[in-house]
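Summary of the model geometry
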Amino acid sequence: MATKSETRLPYDLGRGGAGFFLLVLGLLVLVALGVVAYARQWAEGDVVTGLRDLGTMGGAPWGLYVAFVVHFVGVSFVGYTVAALIGLFNLDHLRPIARMALALTVVSLALGALSVLADLGQPLRGIVNLFLYARPQSPLFGTFSTVLVGYMVASLVFLYLDGRRDAALLARAPSRLRGFYRLWAAGYRDTPEEQDRHRRTTFWLILAVIPILVVAISTEGFVFGLQSGAAGWGGALQAPGFVVMAGVSGMGHLIVVAFTARKLLGLQDRITLRQFSWLGNVLLVLVAAYLYFIVVEVLTGIYQAHHHEARVTRALLVGDYAWLFWLTVGMLVVSFLLLLIQFLRRRYSLWPIVLSGALVSLAGIGKRYLIVVPSQTHGRLLPYLTGFYSPTWVEYSVVVGLLALGALALVLFFRVFPIMEVATREQRR
Amino acid sequence: MRRALFLLTLLTGLILAFLGFFLAAPVGPTSGPQISSPRVQFAPGIFVIGVALMFASAVVYELVPNGRGDSRSSGKGRP
């Protein structure tokens, strides 16, 4: 309970309520489900999952977990993309969604790292050996060092420095969180010199991180693309496809998160249709580019392709994975059409943009699954029988637990730290 | 002092990243254990620490005051 001397902070900071506690409780239950499932996997081994060795075991050693590694890392693309749009192109009206984009990035990267650990039979051994023996020429090393360390540290640094001004403002008011805000502000006083310094830091961080980010996500594509012995992964579009899909799913998630925050925190006056229309237009371009990539992939996969490649493409178009493939493509096409119609009419409304964001987010998961699994079950160059992979309840539970953990982290973070700049709100008053 | 500390952190990170990269397993075909093992134990870890330090130098750049008179003891100052 807040005492009378405490000031009510903006954006419901530090406040609870029945709805909030129910939400946290629900998410904790889902996290617990994931922990229980992972405990079972830890105790009994990967045999409780649907993952099996290639070839004679007729399975896929990379399944749902790896699909979600790719997905989470892809979603993380959005933080610096929005920061770059603001910092380099002066799109200041996107500022209200910049912090949630950065927080989404940090949480997604953490979930990506946890998904890698979930996929490893011996996670601790994996971490130790990575630091001891990783080879720089391996795409896995590049993904780990640039995505999970470089990009994570850069995002945390950006989030921290970006929040200092708000922390300093909030530290002025008496509240239970005052000590926390003072610690975060670390003496920030918003002098012109400090503002100037922060602008410079932001500019150079964006310039340093954007190329690293593109390389990092491309490297993730190379994890698949540079493997020999599997059809379907070797296309030249693998790396650029990963980058564009990262943008698609990142923007999709951001739209959904921004809409949720707007509804839950009553931010209709701050997160307006203007921001959503911008995100929608960026998403439109990215979805169009990705649909083009899919068409090119399918055409080259069925027209004079080597029979191994053609086999994977057939599995996607009319075989075991056809339902997921067409569902994924359908969601992308519907999103594209919704966004295109709005763009052509120059009249925007919220629900088609939010629906498109939700659809491309789901399509992103489906496409990652289709990238990871079919090449293992249907694309082996050695004369193995067709493989099979079906995730078990353990894998589904771990993934649901991870998603709930991410949502919980965002909910709790934005309960103690402002979801957008406080200063602007004060200036408006 | 601020610039010096910032440059020190940045350069240390850069050097560690380069060292880590070149002391890890040599680039080339994996023809044997001497090729696939790192030249120095924990070299990939050194690389990772270097990368992290490079980005952390931004914090040094913003947090460390310019000179003696520039106090940063609390968030009480009026923005």
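What counts, and at which threshold
Residues numbered from 1 in each chain as written. Chains lettered and ligands numbered in written order. Predicted model: local features only at pLDDT ≥ 70, side-chain atom pairs only at ≥ 80, totals over all residues. Helix = DSSP H or I, 4+ residues; strand = E, 2+ residues; numbered from the N terminus. Contact = placed C-beta atoms within 7 Å. Buried ≥ 20, exposed ≤ 12 C-beta atoms within 10 Å, placed from the backbone. Nonpolar A, V, L, I, M, F, W, Y, C, P; charged D, E, K, R; others polar. Axes fitted to C-alpha atoms, helices over the stretch in contact; angles between N-to-C directions. Parallel < 35°, antiparallel > 145°, perpendicular 65-115°, else oblique. Left-handed = near helix turned anticlockwise from the far one by under 90°. Core = buried A, V, L, I, M, F, W, Y, C linked by C-beta atoms within 7 Å. Expected span 1.5 Å × (residues − 1). Bend = angle between axes of the 7 residues up to and from the residue. pLDDT = per-residue confidence, 0-100.

1. A short note on the overall build of chain A
Across its full length, chain A carries 16 helices and zero strands. Along the longest, intermediate and shortest principal axes, the C-alpha atoms of chain A span 75 × 55 × 40 Å. Long-range pairs, those at least 24 residues apart, make up 80% of the contacts in chain A with a sequence separation of at least 6.

2. Some thoughts on the overall build of chain B
The secondary structure content of chain B amounts to three helices and zero strands. Listed N to C, the secondary structure of chain B is α-α-α in terms of helices and strands. Per-residue burial for chain B yields a buried fraction of 29% across its 79 residues.

3. Considerations on the interface of chain A and chain B
When the parts of a complex come together, some accessible area is lost, and that lost area is often used as the size of the interface. Contacts between the two partners involve 33 residues from chain A and, on the opposite side, 28 residues from chain B. Listed by contribution, the elements that provide at least two residues to the side of chain A that touches chain B are helix 5 (123–133), helix 6 (139–170), helix 7 (178–185) and helix 8 (192–225) of chain A. Looking at the side of chain A that touches chain B, the element that brings in the most residues is helix 6 of chain A, giving twelve residues. Here the side of chain A that touches chain B is built from residues that sort into 22 nonpolar, six polar and five charged.

4. Points about unusual backbone geometry
Trans is the common state for peptide bonds, and a negative phi is the common state for residues other than glycine. Residue and element names in this part refer to chain A. One non-glycine residue with positive phi stands out, namely Ala186, at about 45°. As for its placement among the helices and strands, Ala186 is situated in the loop between helix 7 and helix 8. In this structure, Arg346 is a non-glycine residue whose phi angle is positive, near 55°. Within the secondary structure layout, Arg346 lies in the loop between helix 12 (322–345) and helix 13 (350–372). For Arg346, a count of 7 C-beta atoms within 10 Å translates into the label exposed.

5. Let's talk about the packing of helix 2 (residues 64–75) of chain A against helix 13 of chain A
Helices that pack against each other are described as a pair by the angle of their axes relative to one another and the distance between those axes. Residues and elements named next belong to chain A. Look at helix 2 against helix 13: their axes get within 8 Å of each other, and the N-to-C directions meet at 130°. Taken as axis vectors, helix 2 and helix 13 run oblique relative to one another. Once helix 2 is placed against helix 13, the crossing between them reads as right-handed. On helix 13, the residues that touch Val66, Ala67, Val70, His71 and Gly74 of helix 2 are Gly364, Ile365, Arg368, Tyr369, Ile371 and Val372.

6. Considerations on the environment of A:Glu421
Residues and elements named next belong to chain A. By the secondary structure assignment, Glu421 is in the loop between helix 15 (393–416) and helix 16 (422–428). Of the residues examined, Glu421 has 19 C-beta atoms within 10 Å and is grouped as partly exposed. The spatial distance from the C-alpha of Glu421 to the C-alpha of Gly163 is 8.0 Å, given a sequence separation of 258 residues. When near neighbours in sequence (up to four residues on either side) are disregarded, Glu421 contacts Arg95 and Asp166.

7. A closer look at the nonpolar core
Residue and element names in this part refer to chain A. One finds Leu254, Leu283 and Val287 to be the most contacted residues of the largest nonpolar core, which totals 125 residues. Looking at which element gives the most residues to this core, the answer is helix 4 (residues 95–119), with 14 residues. Beyond its immediate chain neighbours, meaning those up to four positions away, Leu254 contacts Val78, Ile97, Ala101, Leu104 and Leu279. Core analysis: the second largest hydrophobic core is formed by eleven residues, Ala168, Leu169, Ala171 and Trp184 among them.

8. Considering helix 6 of chain A
All names here are of chain A. Counted at 1.5 Å a residue, the expected span for helix 6 with its 32 residues is 46 Å, and the 43 Å between its end C-alpha atoms agrees. Taken as a whole, helix 6 carries its principal kink of about 40° at Arg164. Of all 32 residues in helix 6, 25 are buried; the element is thus mostly enclosed.

9. Here's the deal with helix 1 (residues 18–44) of chain A
Residues and elements named next belong to chain A. With 27 residues, helix 1 ought to run about 39 Å at 1.5 Å a step, and its terminal C-alpha atoms sit 39 Å apart, in line with that. Looking at helix 1, one finds that the buried residues are Leu27, Gly34, Ala37, Tyr38 and Gln41. Of the surrounding elements, those touching the buried residues of helix 1 are helix 4 and helix 15.

10. Some thoughts on the environment of A:Gln122
Looking at the element boundaries, A:Gln122 is found in the loop between helix 4 and helix 5. Placed 233 residues apart in sequence, A:Gln122 and A:Leu355 show a C-alpha to C-alpha distance of 40 Å.

11. Things to note about the confidence of the model for chain A
Summary statistics for chain A give a mean pLDDT of 86 and a share of 97% for residues scoring 70 or more. Within chain A, no element has a lower average pLDDT than helix 16 of chain A, which sits at 56, and none a higher one than helix 12 of chain A, at 95.

12. Examining the environment of A:Thr313
Residues and elements named next belong to chain A. Relative to the elements of secondary structure, Thr313 occurs in helix 11 (residues 307–317). In this structure the C-alpha to C-alpha distance between Thr313 and Gly379, which are 66 residues apart in sequence, comes to 9.2 Å. Among residues more than four places away in sequence, those in contact with Thr313 are Val298, Gly301, Ile302 and Ala305.

13. Here we look at the confidence of the model for chain B
All names here are of chain B. Considering every residue of chain B, the mean pLDDT works out to 79; 75% of them sit at 70 or more. Confidence, read as mean pLDDT per element, is least for helix 2 (residues 33–36) in chain B (70) and greatest for helix 1 (residues 2–23) (91). Segment residues 69–79: pLDDT under 50, and 20 contacts once partners within four positions in sequence are set aside and those in other chains are kept. We note a pTM of 0.88 for the whole complex and an ipTM of 0.80 for its interfaces.

14. Quick word on the packing of helix 4 of chain A against helix 9 (residues 238–265) of chain A
Residue and element names in this part refer to chain A. Contact pair helix 4 / helix 9: the axes reach a minimum separation of 10 Å and the direction vectors enclose 120°. Classified by the angle their axes make, helix 4 and helix 9 are oblique. Crossing hand, helix 4 versus helix 9: right-handed. Taking contact as the criterion, the partners of Ile97, Met100, Ala101 and Leu104 in helix 4 are, on helix 9, His253, Leu254, Val257, Ala258 and Ala261. A class-by-class count of the residues in the contact of helix 4 with helix 9 yields eight nonpolar, one polar and no charged.

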